[in-house]
2 protein chains.
Amino acid sequence: MCANSQVKSSDAIASLKYNDDGLIPAIAQQHDTGEVLMMAWMNQASIEETLKTGRVCYWSRSRQAYWRKGESSGQVQMLKELRIDCDADTLLIKVDQTGPACHTGRRNCFYQVIEGDNVVIDAEPLIDPAELYGK
Amino acid sequence: MCANSQVKSSDAIASLKYNDDGLIPAIAQQHDTGEVLMMAWMNQASIEETLKTGRVCYWSRSRQAYWRKGESSGQVQMLKELRIDCDADTLLIKVDQTGPACHTGRRNCFYQVIEGDNVVIDAEPLIDPAELYGK
């Protein structure tokens, strides 16, 4: 059940299928509970930084800048494991998330659920976003 | 913990942030174990079909066609829940996956893990792909 593919990590990271903007989607999953926390984008340099430092760094498409998770809010994401999918176009990162992963103050970003004809919000903020970002 | 947002499901689906190709990423998670199985793309019509039929339908970017999961392999994905993230640009679908979700015959697509300098493959196919697609 455990084969070494003889592929170097650096080669695998370099040959990921980045999109036209040089980005690849990364799904962040809480390592011990399996909760899917969020999805964000990384470029090659942010992946390399994440692997080097052990703290998750994304690329913010809205800000066009590195996004070291928690740099404003203090709610950091530490890397436990980085996985690559079969097509090398998606990452699954197992993380240890401090507090809320979502900018709304919720633990995860997927709090809107389709229930028949209506959308239901089934999670409340752990922390008021004003408190998270008002520092 | 359970607020009705007064948003209609049809309006929420119509106003998702689709990319320039009209697509949105959908993370498929096995509903009972929390295993992240795969990530693929949907357009508005494939989301509507998935909600209507209860069987997951993606949009295949490589084939430029609807991709009713399991149509070739028999390994269908039934929808349990559809969630929308805070930015309305990613879906999390909780599913019940028959057999392998991955075209390699593995249960999930994320079988390549970075371990230091090397990439390790830590899952074996449940079914030989030749058997899955050779029918």
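Shown above is the structure to which this text applies.
In this text the structure is predicted, and so the values were computed from the model without any measurement.

K.L.:
Describe the overall build of chain A, and please don't skip the residues or the numbers.
P.N.:
Counting its secondary structure elements, chain A contains 3 helices and 9 strands. Ordering the α and β elements of chain A from the N terminus gives β-α-β-β-α-β-β-β-β-β-β-α. Dimensions of chain A, computed from C-alpha atoms along their principal axes, come out at roughly 45 × 40 × 30 Å. Per-residue burial over chain A gives 50% buried out of 135 residues. Looking at chain A alone, contacts between residues at least 24 apart form 41% of all its contacts between residues at least 6 apart. For chain A, the accessible area works out to roughly 6,300 Å², and carbon and sulfur atoms hold 47% of it. In chain A, the 14 positive side-chain charges and the 19 negative ones have mean positions that sit 7 Å from each other.

K.L.:
Before we move on, could you go through the relation of the copies chain A and chain B and cite the residues and values that matter?
P.N.:
The operation relating the two chain copies consists of a rotation about an axis and a shift along that axis. Aligned on chain B, chain A shows an RMSD of 0.0 Å; the corresponding rotation is 180 degrees and the shift along the axis is 0.0 Å. Classification of the inter-copy transformation places it as that of a two-fold axis. Nearest to the rotation axis, the C-alpha of Gly 34 of chain A is located 2.6 Å from it, this being the minimum over chain A. Comparing contact sets, 100% of the residues at the interface of chain A also lie at the interface in chain B, consistent with an isologous, same-surface contact.

K.L.:
Kindly report on the environment of Val 95 of chain B, identifying the contributing residues and their values.
P.N.:
Residue and element names in this part refer to chain B. Within the secondary structure layout, Val 95 lies in strand E7 (residues 91-97). Using a relative accessible area of 0% as the deciding quantity, one classes Val 95 as buried. Val 95 sits 61 residues away from Gly 34 along the chain, and the two C-alpha atoms are 9.8 Å apart. For Val 95, the residues in contact, after removing those within four places along its chain, are Ala 28, Gln 29, Gln 30, His 31, Leu 37, Val 56, Gln 77, Met 78 and Lys 80.

K.L.:
An account of the interface of chain A and chain B is needed here, citing residue identities and associated values.
P.N.:
Many descriptions give the size of an interface as the accessible area lost when the pieces come together. With 50 residues of chain A at the interface, the matching set in chain B holds 50 residues. Taken together, the two surfaces of chain A and chain B that pack against each other cover about 4,200 Å², and 58% of this comes from carbon and sulfur. Across the contact surface, chain A and chain B share 4 salt bridges. The interface formed by chain A and chain B includes 24 residue pairs in polar contact (both at pLDDT 80 or more). Looking at the side of chain A that touches chain B, the elements that each hand over two or more residues are strand E1 (3-8), helix H1 (9-14), strand E2 (24-30), strand E3 (36-42), strand E6 (77-84), strand E7 (91-97), strand E8 (112-115) and strand E9 (118-121) of chain A. It is E1 of chain A that contributes the most residues to the side of chain A that touches chain B, 6 residues altogether. Considering only residue class, the side of chain A that touches chain B consists of 27 nonpolar, 12 polar and 11 charged.

K.L.:
Before we move on, could you go through the packing of aromatic side chains and cite the residues and values that matter?
P.N.:
Residues and elements named next belong to chain A. For the coordinates displayed, the defined rule picks out 4 aromatic pairs over all chains. On the basis of an interplanar angle of 45 degrees and a centroid distance of 5.2 Å, the ring pair of Tyr 58 and Trp 67 is categorised as tilted. A residue is classified by how much of its surface remains accessible, and Tyr 58, at 0% relative accessible area, is buried. Here Arg 106 stacks its cationic end above the ring of Tyr 111, 3.9 Å away from the centre of that ring.

K.L.:
Tell me about the side chain of Asp 85 of chain B, residues and numbers included.
P.N.:
Relative to the helices and strands, Asp 85 of chain B is located in the loop between strand E6 (77-84) and E7. Buried and unpaired, Asp 85 of chain B has no salt bridge, with Lys 17 of chain B as the nearest side chain of opposite charge at 7.2 Å. Once residues lying within four places of it in the same chain are set aside, the contact partners of Asp 85 of chain B are Cys 109, Phe 110 and Gln 112 of chain A together with Thr 90 of chain B.

Here is what the cut-offs are and how they apply
Residues numbered from 1 in each chain as written. Chains lettered and ligands numbered in written order. Predicted model: local features only at pLDDT ≥ 70, side-chain atom pairs only at ≥ 80, totals over all residues. Heavy atoms only, no water. Helix = DSSP H or I, 4+ residues; strand = E, 2+ residues; numbered from the N terminus. Buried < 20%, exposed > 50% of the residue type's maximum accessible area, 1.4 Å probe, protein only. Contact = heavy atoms within 4.5 Å. Areas by Shrake-Rupley, 256 points an atom, 1.4 Å probe, with all protein chains shown as cover. Lys, Arg positive; Asp, Glu negative; His and termini not counted. Charge placed at Lys NZ, Arg CZ, Asp CG, Glu CD. Least-squares fit on C-alpha atoms with pLDDT ≥ 70 in both. Buried area = accessible area lost by both parts, 1.4 Å probe. Salt bridge = Lys/Arg side-chain N within 4 Å of Asp/Glu carboxyl O. Polar contact = N/O pair within 3.5 Å; in protein donor to acceptor, adjacent residues only side chain to side chain. Nonpolar A, V, L, I, M, F, W, Y, C, P; charged D, E, K, R; others polar. Phe/Tyr/Trp six-rings, centres within 6.5 Å; stacked < 30°, edge-to-face > 60°. Lys NZ or Arg CZ within 6 Å of the ring centre and 35° of its normal.

Take it as geometry only, folks, not as evidence of what the structure does.
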